[in-house]
Amino acid sequence: MDKQYQAKDIEEKVYQSWKEGGLFNPDNLSEGKKGSFSIATPPPNVTGALHMGHALNFTIQDTLIRWKRMQGFKTLLLPGTDHAGIATQNVVEKKLKKEGQTRFDLGRDKFIEKVWEWKKEYGGMILKQIESLGVSCDWSRTRFTMDDNYTEAVHQSFLHYYNKGLVYRGKRAVNWCPRCQTSLSDLELEYKEEKGKLWFIKYKLKNKNEYIKVATTRPETMLGDTAVAVNPKDKRYKKLVGETIILPIVNREIPIVADEFVDLEFGTGAVKVTPAHDMGDYQISQRHKLEVMQVIDENGRMNNVPSTYQGLKAKEAREKVVAELDSLGVLEKVVDYTHQVPKCYRCNTTIEVIPSWQWFVKMDKLAKLSIAAVEKKKIVFTAKRWEKGYFAWLENIQDWCISRQIWWGHRLPVWFCQTKKEAHFVSLKAPKKCSICGQCQPKQSEDVFDTWFSSALWPFATLGWPKKTKDLKQFYPTDMIITARDIINLWVVRMIFSSLELLKQVPFKKIVIHATIMAKDGRRMSKSLGTGINPMDLIERYGADATRFGLSWQVTELQDIRFGEENMMAGKKFCNKIWNASRFVMQQLGNEKFDLATKPKPVTKEDKKILSALAKTIKKVNNNMAKFYFGAAIQEIYHFFWHQFCDLYIEEAKNQIREAKSAENTKKILIYVLATSLKILHPCMPFITEEIYQSLPLKKKKSLIIEKWPE
RNA sequence: GGGCAUUUGGCGCAGGGGUUAGCGCAUUCGCUUCACAUGCGAAAGGCCAGAGGUUCGAAUCCUCUAAUGCCCACCA
């Protein structure tokens with residue numbers, strides 16, 4: 001054995017042996033008394049490579065699943081990837097752009113072919129990286145959200161919602177990304193602070209020489225105003241409610257309405273209402289039956305406006321509108337104003353609100369189901385503090401816009417009649433004839449589902465739903481979901497209500513939200529900030545065990561981890577320590593084979609001390625693991641192994657072995673403590689422990705994967 | 001605007017109503033035939049963010065303040 005531990009030589013070989021052993025597959029595990037334990041791993045997008053967040057997430061999941069497996073559970077850690085609609089489409093579009101093409105040059109079918117090619121090439125990359133981290137997923141059950149049978153699940157769930165009246169199609173104001181050319185849900189927006197201006201405009205009352213002043217950050221939208229709103233409690237405007245206004249520039253007549261939504265304190269207390277291009281205004285318009293007048297089109301250009309503005313980009317129109325208002329003498333003042341501007345979470349383009357035909361999931365019933373499940377503790381957040389946000393979001397929820405106008409994704413199984421406009425029906429297979437007019441050749445909807453609509457089915461669709469499979473029976477509901485906080489609403493909540501509605505069961509019993517890794521300066525780790533660190537580099541330089549050690553070391557209940565590479569360095573040193581302590585022990589033992597089943601008896605004071613310290617350590621590790629305090633668990637073992645076992649006992653053992661009467665018993669204790677330490681280290685540091693364990697002179701020996709966890 | 005967190009030696013973090021507040025890394029000094037220099041032994045380094053309160057006693061509980069981070073929100 002080499003004096004130094006060489007992670008690289010060992011990891012690939014050991015992982016290969018695990019794969020050949022097939023023990024990541026629960027079908028090959030014996031049916032113990034403990035039953036099954038399953039986790040569906042959060043599927044990474046096929047767009048990318050493993051980042052630190054993934055590395056931590058998978059380390060935690062694997063540590064837990066290995067611990068459970070050793071305890072005798074029939075464990076399943078199910079891997080897979082997400083097609084990630086917009087994200088992947090954008091990546092492929094970017095690639096095309098380099099070749100001087102757009103997706104429109106190719107057309108829908110050819111483009112989708114390109115995306116599949118891309119997926120084939122890069123989609124599996126991230127799974128390989130997860131392997132190199134040592135994660136014990138059952139690769140035979142790997143799933144992709146656009147597998148044929150997964151698509152069936154997506155269709156079935158839509159059909160279910162449709163039949164139950166839980167989805168509807170409507171023309172409503174939605175968030176629209178002018179670059180991606182698609183609608184987005186509220187959760188897919190990211191707000192960024194921008195310096196803008198607040199324009200104060202005077203609107204003249206009809207037949208009176210009076211004005212009402214409004215404040216706006218987007219004067220160009222005034223062309224689409226259909227009302228001015230004031231708060232009903234506002235004394236200043238009480239007598240103006242019901243009056244009519246002549247909208248400047250277009251000289252249209254619009255009413256003044258009273259609505260609670262208006263804040264008395266802000267601006268002038270009077271709001272111009274542009275239902276087509278503002279979510280809040282849209283809701284006012286619904287309450288007061290106001291006209292929705294679209295003046296900005298899908299490309300972010302002015303439309304349906306006086307010819308001087310027609311076709312201008314919104315921003316260009318803004319300057320012109322302001323200039324014209326000024327020349328009309330109705331621009332009162334302009335002040336600097338900083339506000340939050342919504343951006344597309346995939347391409348960072350400023351979002352426009354525009355009215356369009358979309359599909360929505362009705363959320364009131366589903367939200368209630370989700371709230372009840374957590375209130376009744378059918379699902380438990382292991383850190384209670386996340387509940388508050390969960391409830392808050394569900395209590396104020398809007399209907400979920402699930403249709404997207406992109407090409408990559410599950411196409412809606414909706415068919416439009418060609419004779420009767422807007423008439424449509426749902427059919428999972430291409431219909432032979434139109435079930436509305438019975439004559440035409442119906443056309444399938446161009447829309448695809450929101451990518452989160454399909455990921456919402458992940459824990460059960462991966463197990464075979466809607467078919468009643470053996471896997472579903474055995475592994476569903478899953479035991480827990482382990483993920484980062486940023487997708488609680490985006491993903492976790494949606495899995496919960498999907499499962500409650502479609503399967504009448506919870507999708508998992510526990511929600512474990514783990515820390516987020518930040519850069520050392522406390523900022524988010526991201527490529528664009530240049531603060532990202534590639535976990536594959538860490539594995540390359542320190543080895544997978546050391547990387548896992550370094551990550552786990554810092555896992556506490558805390559929400560943030562400021563990443564320090566020193567922890568991986570410490571992990572590497574620790575590997576070396578384990579390696580050399582094991583070398584020493586084996587040098588002492590010779591060829592005799594030991595039986596671990598019988599605990600050695602302590603003879604000397606030191607024997608007693610190390611055995612009781614080991615027992616204590618096991619207890620503490622169990623407690624910490626059960627509470628998901630992985631950092632505390634690994635620190636306990638680290639301390640025990642390095643300082644109590646190596647520094648004290650091994651040193652003493654050298655003396656004890658020199659004396660004939662204590663030599664034999666000391667050797668028994670040495671190998672017992674070493675082997676047991678390897679077992680409790682295995683969930684966190686699987687490679688090195690397995691490698692060493694297999695070379696120990698033991699009578700009965702299995703892979704550490706399924707060795708019995710010490711009690 | 002609301003919510004959730006964080007603030008402990010140079011850096012990254014544990015801990016937690018009561019004799020000397022811990023760990024990793026870094027630092028200083030001394031050790032190399034006999035598992036490991038990715039090592040061993042020793043040492044230095046902190047008025048536990050600030051203010052007030054509860055208590056016999058607080059770094060630990062409570063209140064407020066300040067910085068920082070994250071999430072949520074239809075203030076135009």
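Since we're looking at a predicted model, the values are computed, not measured.

## Regarding the overall build of chain A
Phase 1 of the analysis: Counting its secondary structure elements, chain A contains 22 helices and 25 strands.
Phase 2 of the analysis: For chain A, the spread of C-alpha atoms along the principal axes amounts to about 115 × 60 × 55 Å.
Phase 3 of the analysis: Evaluated residue by residue, chain A yields a buried proportion of 56% over its 711 residues.
Phase 4 of the analysis: Across chain A, the fraction of contacts at a sequence separation of at least 24, relative to all contacts at a separation of at least 6, is 77%.
Phase 5 of the analysis: Accessible surface computed for chain A: about 32,000 Å², of which carbon and sulfur atoms make up 50%.
Phase 6 of the analysis: Here chain A contributes 112 positive and 83 negative side-chain charges, whose respective centroids are spaced 4 Å apart.

## Overview of the packing of helix α18 (residues 566-589) against helix α22 (residues 686-695)
Phase 1 of the analysis: Packing of α18 against α22 leaves a shortest axis separation of 11 Å and a crossing angle of 5 degrees. By the angle between their axes, α18 is roughly parallel relative to α22. Between α18, through C575, I578, W579, S582 and M586, and α22, the contact on the second element is made entirely by I688, E691, I692 and S695.
Phase 2 of the analysis: Tallied by class, the residues present in the contact of α18 with α22 amount to 6 nonpolar, 2 polar and 1 charged.

## Side note on helix α17 (residues 544-553)
Phase 1 of the analysis: Within α17, 9 of the 10 residues are buried, leaving the element largely enclosed by the surrounding structure.
Phase 2 of the analysis: Listed as buried for α17 are A544, D545, A546, T547, R548, F549, G550, L551 and S552.

## So, the pairing of strand β9 (residues 227-230)
Phase 1 of the analysis: Burial of β9 is two-sided: the residues A227 and A229 facing one way and the residues V228 and V230 facing the other way are all buried.
Phase 2 of the analysis: Pairing of β9 with strand β12 (residues 270-273), which is carried by 4 bridges, proceeds in the antiparallel orientation. Residue pairing across strands places V228 opposite K272, the latter belonging to β12.
Phase 3 of the analysis: Bridge count for β9 against strand β11 (residues 252-258) is 3 bridges, and the pairing is parallel. Bridged to V228 within β11 is I256.

## Section: the domain arrangement of chain A
Phase 1 of the analysis: Split by domain assignment, chain A resolves into domain 1 (7-157 + 451-540), domain 2 (183-352) and domain 3 (565-706).
Phase 2 of the analysis: In this structure, domain 1 and domain 3 have C-alpha centres spaced 34 Å apart.
Phase 3 of the analysis: Contact with domain 1, which involves 27 residues of that partner, is made by 21 residues of domain 3.
Phase 4 of the analysis: Around 2,100 Å² of area is buried between domain 1 and domain 3 when both sides are counted, 77% of it from carbon and sulfur atoms.
Phase 5 of the analysis: On the domain 1 side of the interface with domain 3, the three residues burying the most area are W18, W67 and M70, jointly 29% of the side's total.
Phase 6 of the analysis: Seen at the junction of domain 1 and domain 3, the total is 1 salt bridge.
Phase 7 of the analysis: For the salt bridge of K13 with E691, the shortest nitrogen-to-oxygen distance reads 3.1 Å.
Phase 8 of the analysis: Seen at the junction of domain 1 and domain 3, the total is 5 residue pairs in polar contact (both at pLDDT 80 or more).
Phase 9 of the analysis: Only α1 (7-21), α2 (52-70), α6 (125-132) and β23 (508-514) provide two or more residues apiece to the side of domain 1 that touches domain 3.
Phase 10 of the analysis: Grouping the amino acids of the side of domain 1 that touches domain 3 by side-chain chemistry returns 15 nonpolar, 4 polar and 8 charged.

## Comments concerning helix α20 (residues 630-658)
Phase 1 of the analysis: Its 29 residues give α20 an end-to-end C-alpha distance of 39 Å, which sits within 8% of 42 Å, the value for a rise of 1.5 Å per residue.
Phase 2 of the analysis: The principal kink in α20, of about 40 degrees, is found at F645.

## Some details on the confidence of the model for chain A
Phase 1 of the analysis: Residues of chain A with pLDDT of at least 70 account for 98%, and the chain-wide mean is 89.
Phase 2 of the analysis: Two numbers describe this predicted complex: its pTM, 0.90, and its ipTM, 0.91.

## Details of the packing of aromatic side chains
Two descriptors summarise a pair of aromatic rings, namely the distance from one centre to the other and the angle between the planes of the rings.
Phase 1 of the analysis: For the structure shown, the criterion picks out 38 aromatic pairs.
Phase 2 of the analysis: Geometrically, the ring pair formed by Y150 and W458 is tilted, given 6.0 Å between the ring centres and 40 degrees between the ring planes. Of this pair, Y150 sits in helix α7 (residues 148-163) while W458 sits in helix α13 (residues 458-461), and the two are 308 residues apart along the sequence.
Phase 3 of the analysis: Judged by relative accessible area, which is 0%, Y150 ranks as buried.

## What to know about the nonpolar core
Phase 1 of the analysis: Membership of the largest hydrophobic core comes to 102 residues, with the highest contact counts inside it found for F645, M685 and L696.
Phase 2 of the analysis: Per element, the largest residue contribution to this core is 14 residues, and it comes from α20.
Phase 3 of the analysis: Taken together, domain 1 (7-157 + 451-540) and domain 3 (565-706) each give at least three residues to this core, which thus spans both.
Phase 4 of the analysis: With near-sequence residues (within four places) excluded, M685 lies in contact with D545, F549, G571, F574, C575, I578 and I634.

## Topic: the packing of helix α19 (residues 605-626) against α20
Phase 1 of the analysis: Two elements in contact, α19 and α20, have axes whose closest approach is 9 Å; the angle formed by their N-to-C orientations is 170 degrees. It follows that α19 is roughly antiparallel to α20 by the angle criterion. Two secondary-structure elements touch here, α19 through E606, D607, I610, A613, L614, T617, K620, V621, N624 and M625 and α20 through F630, A632, A633, E636, I637, F640, Q644, F645, Y649, E652 and Q656.
Phase 2 of the analysis: Here the contact of α19 with α20 is built from residues that sort into 12 nonpolar, 4 polar and 5 charged.

## With respect to unusual backbone geometry
Negative phi characterises most residues that are not glycine, and trans characterises most peptide bonds.
Phase 1 of the analysis: The peptide bond linking W465 to P466 adopts the cis configuration, its omega dihedral lying at 10 degrees.
Phase 2 of the analysis: With respect to the secondary-structure elements, P466 resides in the loop between α13 and α14 (470-475).
Phase 3 of the analysis: In this chain, Y476 is followed by P477 through a cis amide linkage whose omega measures -5 degrees.
Phase 4 of the analysis: The topology assignment puts P477 in the loop between α14 and β22 (478-484).
Phase 5 of the analysis: Even without being a glycine, N251 presents a positive backbone phi close to 55 degrees.
Phase 6 of the analysis: Relative to the assigned elements, N251 resides in the loop between β10 (244-247) and β11.
Phase 7 of the analysis: Owing to a relative accessible area of 56%, N251 belongs among the exposed residues under this scheme.

## What to know about the side chain of H410
Phase 1 of the analysis: Relative to the elements of secondary structure, H410 occurs in the loop between β17 (403-404) and β18 (414-416).
Phase 2 of the analysis: Accessibility expressed as a relative area gives 3% for H410, which makes it buried.
Phase 3 of the analysis: Here T145 takes part through its backbone oxygen, which lies 2.7 Å from a polar atom of the side chain of H410.
Phase 4 of the analysis: With residues up to four places along the chain from it excluded, the contact list for H410 reads H83, T145, M146, T151, V154, D447, V448, F449 and S454.

## Things to note about the pattern of salt bridges
Phase 1 of the analysis: Inspection of every chain in the model, using the stated rule, returns 35 salt bridges.
Phase 2 of the analysis: For E220, the salt bridge goes to R318, with nearest N and O atoms at 3.0 Å. In this pair, E220 sits in the loop between β8 (211-216) and β9 while R318 sits in helix α9 (residues 314-327), placing the two residues 98 residues apart along the sequence.
Phase 3 of the analysis: Under the relative-accessibility criterion, R318 is labelled buried at 19%.
Phase 4 of the analysis: Note that K233 and E260 form a salt bridge whose closest N and O atoms lie 3.8 Å from each other. In this pair, K233 sits in the loop between β9 and β10 while E260 sits in the loop between β11 and β12, placing the two residues 27 residues apart along the sequence.
Phase 5 of the analysis: Given the relative accessible area of 58%, K233 is considered exposed.
Phase 6 of the analysis: Through salt bridges that share partners, D27, D138, R141 and D471 make up one connected network.

The rules behind each value
Residues numbered from 1 in each chain as written. Chains lettered and ligands numbered in written order. Predicted model: local features only at pLDDT ≥ 70, side-chain atom pairs only at ≥ 80, totals over all residues. Heavy atoms only, no water. Helix = DSSP H or I, 4+ residues; strand = E, 2+ residues; numbered from the N terminus. Buried < 20%, exposed > 50% of the residue type's maximum accessible area, 1.4 Å probe, protein only. Contact = heavy atoms within 4.5 Å. Areas by Shrake-Rupley, 256 points an atom, 1.4 Å probe, with all protein chains shown as cover. Lys, Arg positive; Asp, Glu negative; His and termini not counted. Charge placed at Lys NZ, Arg CZ, Asp CG, Glu CD. Axes fitted to C-alpha atoms, helices over the stretch in contact; angles between N-to-C directions. Parallel < 35°, antiparallel > 145°, perpendicular 65-115°, else oblique. Nonpolar A, V, L, I, M, F, W, Y, C, P; charged D, E, K, R; others polar. Pairing = 2+ DSSP bridges. Domains from an automatic or database assignment. Buried area = accessible area lost by both parts, 1.4 Å probe. Salt bridge = Lys/Arg side-chain N within 4 Å of Asp/Glu carboxyl O. Polar contact = N/O pair within 3.5 Å; in protein donor to acceptor, adjacent residues only side chain to side chain. Expected span 1.5 Å × (residues − 1). Bend = angle between axes of the 7 residues up to and from the residue. pLDDT = per-residue confidence, 0-100. Phe/Tyr/Trp six-rings, centres within 6.5 Å; stacked < 30°, edge-to-face > 60°. Core = buried A, V, L, I, M, F, W, Y, C linked by side-chain atoms within 4.5 Å.

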